[in-house]
Amino acid sequence: MAADGFQFAFTPDVEAQTQPIWEKVRRHVTPMEWRAQAPLIAAINRLKAEKDAVILAHNYMTPEIFHGVGDYVGDSLGLAKEAARSKARVIVQAGVHFMAETSKILSPDKTVLIPDLRAGCSLAASITGADVRLIKQRYPGVPVVTYVNTTAEVKAETDICCTSANAVQVVEEAARMWGTDRVILIPDEFLARNVARQTDIRIIAWQGRCEVHERFTAADILELKEAYPDAEVLAHPECPAEVLEVSDFAGSTQAMNDYVLTRKPKRVVLITECSMADNVAADAVDTEFVRPCNLCPHMKRITLENIYETLLHGRHEVTVEAAVAERARLAVQRMVDLPPPSVPARYDLVKARHHVDVELI
């Protein structure tokens, strides 16, 4: 029995409540696992109503979280924007710490909770606010574009933020606004290299990397293509440039999701975090997914159990110092205020095969 008196049993009532979710995840969760997960899902969904809370579930969450308890699902910035629009008093971030900070920046009056404070990010940890201040001293007058996968203190030192979906657009807009032909794009080295191949703007880059995406290699992709010649390979732009060169499509998590649901390929490989394939597959029932799994250990710290505990006890609250939040909000808002791109967000693979140097800091 839980601390609030809830019985964690797979009762007929729990089974009935969670049946629609089971129909979605049954290809990715065993019946034995489901008997343990369904009572937690029912309890979490009950607590959300009691606590006036919503759960933001990132694409890299496991299916029972993503489809079972997520009120809003998607990429990090999309979740934060949904949080700002939500009328709920409490936001639970089923993702990593920088995402919770972004939610707090855009929703300063709401309580933002994260189930595990250790849920970090190798990319966000690769750079600090002090690093950005030194970069700006070295390159005075050059605008700083920062990926949203960064801490609040880094965003606070930034001119404008970007996502993997709009990085090319933001870089070109920053160059126009600041009247320059070069832009600092931090902290993901591979995203910067891939953006550099899509634009005439010169890119100054930092050597940060996502530990999930940097492990993929061109050799991996060629082996997959040999083993599955009819599979379409979709790569995330946080991967090394040589991975994009041998892929069939490159785009953000949302672009990859849209590609599968719109194009309905017979067989597909998503070169990104493993759980995303499970979550897209739940909606793309006619597509076979080949899974070259690289798991994010930070994302996997978030579980149904600690989401339940977070809601029950109101822990762990994420706060951002007001002065930092105000400056970071300006950088995020500048990005949000940009008009939608004129063409769908994707990385042109013809351009991606052209070598363009970046200046590494």
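Structure: above.
In this report, the structure presented in the accompanying data block is examined. (Residues numbered from 1 in each chain as written. Predicted model: local features only at pLDDT ≥ 70, side-chain atom pairs only at ≥ 80, totals over all residues. Heavy atoms only, no water.)

1. Considerations on the packing of helix H1 (residues 12-25) against helix H2 (residues 31-51)
Then step 1. Where H1 contacts H2, the axes come no closer than 9 Å and their chain directions differ by 120°. In this structure, the crossing between H1 and H2 has a hand that is right-handed. When H1 is examined against H2, the residues Val 14, Gln 17, Thr 18, Ile 21, Trp 22 and Val 25 are found in contact with a partner set consisting of Pro 31, Trp 34, Ala 38, Pro 39, Ile 41, Ala 42 and Asn 45.
Then step 2. Counted by class, the contact of H1 with H2 contains 10 nonpolar, 3 polar and no charged residues. (Axes fitted to C-alpha atoms, helices over the stretch in contact; angles between N-to-C directions. Helix = DSSP H or I, 4+ residues; strand = E, 2+ residues; numbered from the N terminus. Left-handed = near helix turned anticlockwise from the far one by under 90°. Contact = heavy atoms within 4.5 Å. Nonpolar A, V, L, I, M, F, W, Y, C, P; charged D, E, K, R; others polar.)

2. Structural notes on the sheet that holds strand S10 (residues 249-250)
Then step 1. Here we have 4 strands laid out as an open sheet, ordered S10-S9-S11-S12, and parallel in their pairing. Of all strands in the sheet, those bounded by a partner on one side alone are S10 and strand S12 (288-290).
Then step 2. The pairing of strand S9 (residues 232-235) with strand S11 (residues 267-271) spans 4 bridges and is parallel. Bridge assignment links Ala 235 to a residue of S11, and that residue is Ile 271.
Then step 3. Its contacts with the sheet put helix H10 (residues 218-227) on S9, S11 and S12, and the angle it makes with S11 is roughly 170°. (Pairing = 2+ DSSP bridges.)

3. Observations regarding the pattern of salt bridges
Then step 1. Applying the stated criterion to the full structure yields 21 salt bridges.
Then step 2. Residue Glu 157 is joined to Arg 133 by a salt bridge in which the shortest nitrogen-to-oxygen separation is 2.9 Å. Separated by 24 residues along the polypeptide, Glu 157 in the loop between helix H7 (152-155) and strand S6 (160-162) and Arg 133 in helix H6 (residues 129-138) bring together distant segments of the chain.
Then step 3. Assessed through its relative accessible area of 8%, Glu 157 is described here as buried.
Then step 4. Salt-bridge contacts for Glu 157 lead to Lys 136; the nearest nitrogen and oxygen are separated by 3.4 Å. Highlighted residues: Glu 157 in the loop between H7 and S6 and Lys 136 in helix H6, separated in sequence by 21 residues.
Then step 5. Overall, the relative accessible area of 31% leaves Lys 136 in the partly exposed class.
Then step 6. A single network of salt bridges, built from pairs that share partners, joins Arg 133, Lys 136, Glu 157 and Arg 327. (Salt bridge = Lys/Arg side-chain N within 4 Å of Asp/Glu carboxyl O. Buried < 20%, exposed > 50% of the residue type's maximum accessible area, 1.4 Å probe, protein only.)

4. Some details on the sheet that holds strand S8 (residues 202-205)
In a beta sheet, neighbouring strands are held together by backbone hydrogen bonds and run either parallel or antiparallel to one another.
Then step 1. The 5 strands lie next to each other as S6-S5-S7-S8-S13, forming an open sheet whose pairing is parallel. In the strand order of this sheet, the two ends are held by S6 and strand S13 (359-360), each with one partner.
Then step 2. Summarising the sheet, strand S5 (residues 144-147) and S6 pair through 3 bridges and their orientation is parallel. For Val 145, the partnering residue across the bridge sits in S6 and is Ile 160.
Then step 3. Taken strand by strand, helix H8 (residues 167-178) contacts S5, S6, strand S7 (182-186) and S8, and its axis lies near 160° from that of S6.
Then step 4. Each of S5, S7, S8 and S13 touches helix H9 (residues 189-196); the most contacted strand, S8, lies at about 175° to it.

Nothing here speaks to function; it is geometry throughout.
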